[in-house]
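# Survey of secondary and tertiary structure
Below are the chains, spelled out letter by letter.
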Amino acid sequence: MNILILGGGGREHALAWAMLQNPKCDRLIVAPGNAGIALIADCANLDIMNGEAVVQFASDEAIDFVIVGPEAPLGAGVADDLRDAGIDVFGPSAAAARLETSKSFTKAICDAAGAPTAAYGHFTHADDAKDYIRTQGAPIVVKADGLAAGKGVIVAMTEDEALAAVDDMFAGSFGDAGAEVVIEEFMTGEEASFFVLVDGQTVLPVGTAQDHKRAFDGDKGPNTGGMGAYSPAPVMTDAVTQKALDQIVRPTMAEMVRRGTPFHGVLFVGLMIEDGQPRLVEYNVRFGDPECQCLMMRLGGQVLDLTLACAQGRLSEMTVNWAADHALTVVLATEGYPGAYEKGSVIGGLEDLPDDSFNMVFHAGTDRADGRFVATGGRVLTATGRGPTLAEAHARAYALADKIDWPQGFFRSDIGFRALSTQKT
Ligand code: AMP
Ligand code: GLY
């Protein structure tokens, strides 16, 4: 089987690695890929936002199955174009991707489905939004309605901060994404991510994770796309998982079917859990990055069978083979990230690292120059370990990170600290 993966981050490197563990994968192309992905698959220059170009490329290269990594091409309808062309594709339609591309859409779906989530208001005018904030008081959460590269959420501890965030959004600081805002009740509790495959109505859980969004140790510093993650998430007990499925995931998936826009692909369910009760924070319509690196290490080659069954509407035939294992990933980022940073610094030491099903460095933002690896992004590498306990996964991930010779890079030294401190294993 010939497979095409769209994207070029750590998530896509991990997806590519998992596909290659499965003997059904004959040829693998990743577009655009990166220097790490190029070590294991062919990389192609392709405009992944252009559905027509992707369909043409897929038919030229005799591709049987396409996996869409990031949300932007999904929002642009690339999965629709592939499905219309009769090519199996893992990823939702643009209409179903609204679960990520519009926060007000998701809130309305939750209302219709009775799914527990934060109370909210949806506003198209700054004055109305501000009146609502004054009535509700702080803390309160202000969100740009559309896609804002993970930056459109302001958790405001004071009313002034919330009012300023509204002004900012309507002044265009997030472009079109901020033309409408959602204002939410501030929820307390512990956050976790829950990943399920959905082929319309059948829902198949494939793992849980927790990430660290802040740049620095102790969950300090600015918000990032994620500085590390681990799987499974201890807070996702069987009881919490069952509630999340029964009260949140299945009712919202049924509502999507009822509206004529069934969801196909992976649903990334962001939850806030308090006193054993999960509430929805947000949906994403793709794997998380770096959560995906942990999930792929744990699932391995079965990911190809699972994602293909999902694309072909055969999920009800599938089961996931779980190992009682743990994975942990540490993100190595360029000094300055998530603010301004320089590109092009040389990374050494990557050639001599182990790469097997317990130790993998997935590349997120790398290129090759004069035969050496160079950093091309903010998040650049993800050192990932797997083991029978979280402590062993942690030790492996940090052993990898420590061996990388990259003076311009930094990483957090405390990924997994909460879970490690509560687990004796
Ligand atoms: P989102 O992009 O919606 O996931 O929001 C980013 C982060 O903001 C979440 O991971 C939470 O940490 C926080 N957040 C979002 N909504 C809320 C809320 N209603 N209450 C508390 N924290 C929130
Ligand atoms: N790590 C969070 C995300 O992928 O959205």
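See above for the structure.
Here goes a summary of the coordinates provided.

Thresholds, definitions, all that
Residues numbered from 1 in each chain as written. Chains lettered and ligands numbered in written order. Predicted model: local features only at pLDDT ≥ 70, side-chain atom pairs only at ≥ 80, totals over all residues. Heavy atoms only, no water. Helix = DSSP H or I, 4+ residues; strand = E, 2+ residues; numbered from the N terminus. Rg over C-alpha atoms; globule rule 2.2 N^0.38 Å. Areas by Shrake-Rupley, 256 points an atom, 1.4 Å probe, with all protein chains shown as cover. Lys, Arg positive; Asp, Glu negative; His and termini not counted. Charge placed at Lys NZ, Arg CZ, Asp CG, Glu CD. Near = heavy atom within 4 Å. Polar contact = N/O pair within 3.5 Å; in protein donor to acceptor, adjacent residues only side chain to side chain. Contact = heavy atoms within 4.5 Å. Pairing = 2+ DSSP bridges. Patch = residues over 30% accessible without salt bridge, like charges linked within 9 Å, V, L, I, M, F, W, Y side chains within 5 Å. Salt bridge = Lys/Arg side-chain N within 4 Å of Asp/Glu carboxyl O. Nonpolar A, V, L, I, M, F, W, Y, C, P; charged D, E, K, R; others polar. Buried < 20%, exposed > 50% of the residue type's maximum accessible area, 1.4 Å probe, protein only.

Along the backbone of the chain there are 13 helices and 23 strands. For 425 residues, the compact-globule formula gives about 22 Å, and the C-alpha radius of gyration of the chain, at 21 Å, lands near that figure. Expressed along its principal axes, the backbone C-alpha trace of the chain runs to roughly 60 × 45 × 45 Å. Of the roughly 16600 Å² that the chain leaves accessible, carbon and sulfur atoms contribute 49%. Within the chain, one finds 32 positive and 57 negative side-chain charges whose respective centroids are separated by 4 Å.

Attention now moves to the site of ligand 1. Every one of the 15 residues lining ligand 1 counts as a neighbour, but Glu 184, Glu 185, Met 187, Glu 191 and Glu 282 are closest to it. The contact in question runs from a nitrogen atom of ligand 1 to an N or O atom on the backbone of Glu 185, over 2.9 Å. Coverage of ligand 1 by the protein chains reaches 88% of its 470 Å² of free accessible surface. Among the secondary structure elements, those contributing two or more residues to the shell around ligand 1 are strand S7 (140-144), strand S8 (153-156), strand S9 (181-185) and strand S16 (277-284).

Counting through the fold element by element, Glu 12 comes out in helix H1 (residues 10-20). Setting aside chain neighbours within four positions, we find Glu 12 in contact with Ile 5, Leu 6, Gly 7, Ile 37, Gly 69 and Pro 70.

We now examine the pairing of strand S13 (residues 220-223). Relative to S13, strand S12 (residues 214-216) runs antiparallel, the two sharing two bridges. The partner of Phe 216 across the bridge, within S13, is Lys 220. What sits between the antiparallel neighbours S12 and S13 is a turn of three residues, in which Gly 218 has the positive phi angle 75°.

Our focus in this paragraph is a nonpolar patch on the surface. On the surface, Leu 20, Leu 39 and Ile 40 cluster together to form a nonpolar patch covering roughly 240 Å² of accessible area. Among the secondary structure elements, Leu 20 is positioned in helix H1.

What follows deals with the sheet that holds strand S20 (residues 366-369). If you walk across this open sheet you meet the three strands as S18-S21-S20, and the pairing is antiparallel. Edge positions in the sheet fall to strand S18 (346-347) and S20, since each of these pairs with one other strand and no more. Both S18 and strand S21 (residues 372-375) contribute to a ladder of two bridges, which runs antiparallel. Note that in S21 the partner of Ile 347 across the bridge is Phe 373.

In this section: the site of ligand 2. Every residue near ligand 2 is listed here: Asp 211, Gly 225, Phe 268, Arg 286, Gly 288, Asp 289, Pro 290 and Glu 291. One nitrogen or oxygen atom from the side chain of Asp 211 is found 3.5 Å from a nitrogen atom belonging to ligand 2. At 2.9 Å from a nitrogen atom of ligand 2 is found a side-chain nitrogen or oxygen belonging to Glu 291. Summarising the interface, the protein chains cover 87% of the accessible area of ligand 2, which totals 200 Å² for the free molecule. Counted by class, the shell around ligand 2 contains two nonpolar, two polar and four charged residues.

Bringing the environment of Asp 305 into the picture now. With respect to the helices, strands and loops of the structure, Asp 305 is situated in helix H11 (residues 302-311). By relative accessible area, Asp 305 is classed as partly exposed at 24%. Considered as a pair, Asp 305 and Leu 315 are 10 residues apart in the sequence and their alpha carbons are 9.7 Å apart. Setting aside anything within four residues of it in sequence, one finds Asp 305 in contact with Asn 22, Lys 24 and Met 318. A distance of 2.5 Å separates polar atoms of two side chains, one belonging to Asp 305 and the other to Lys 24.

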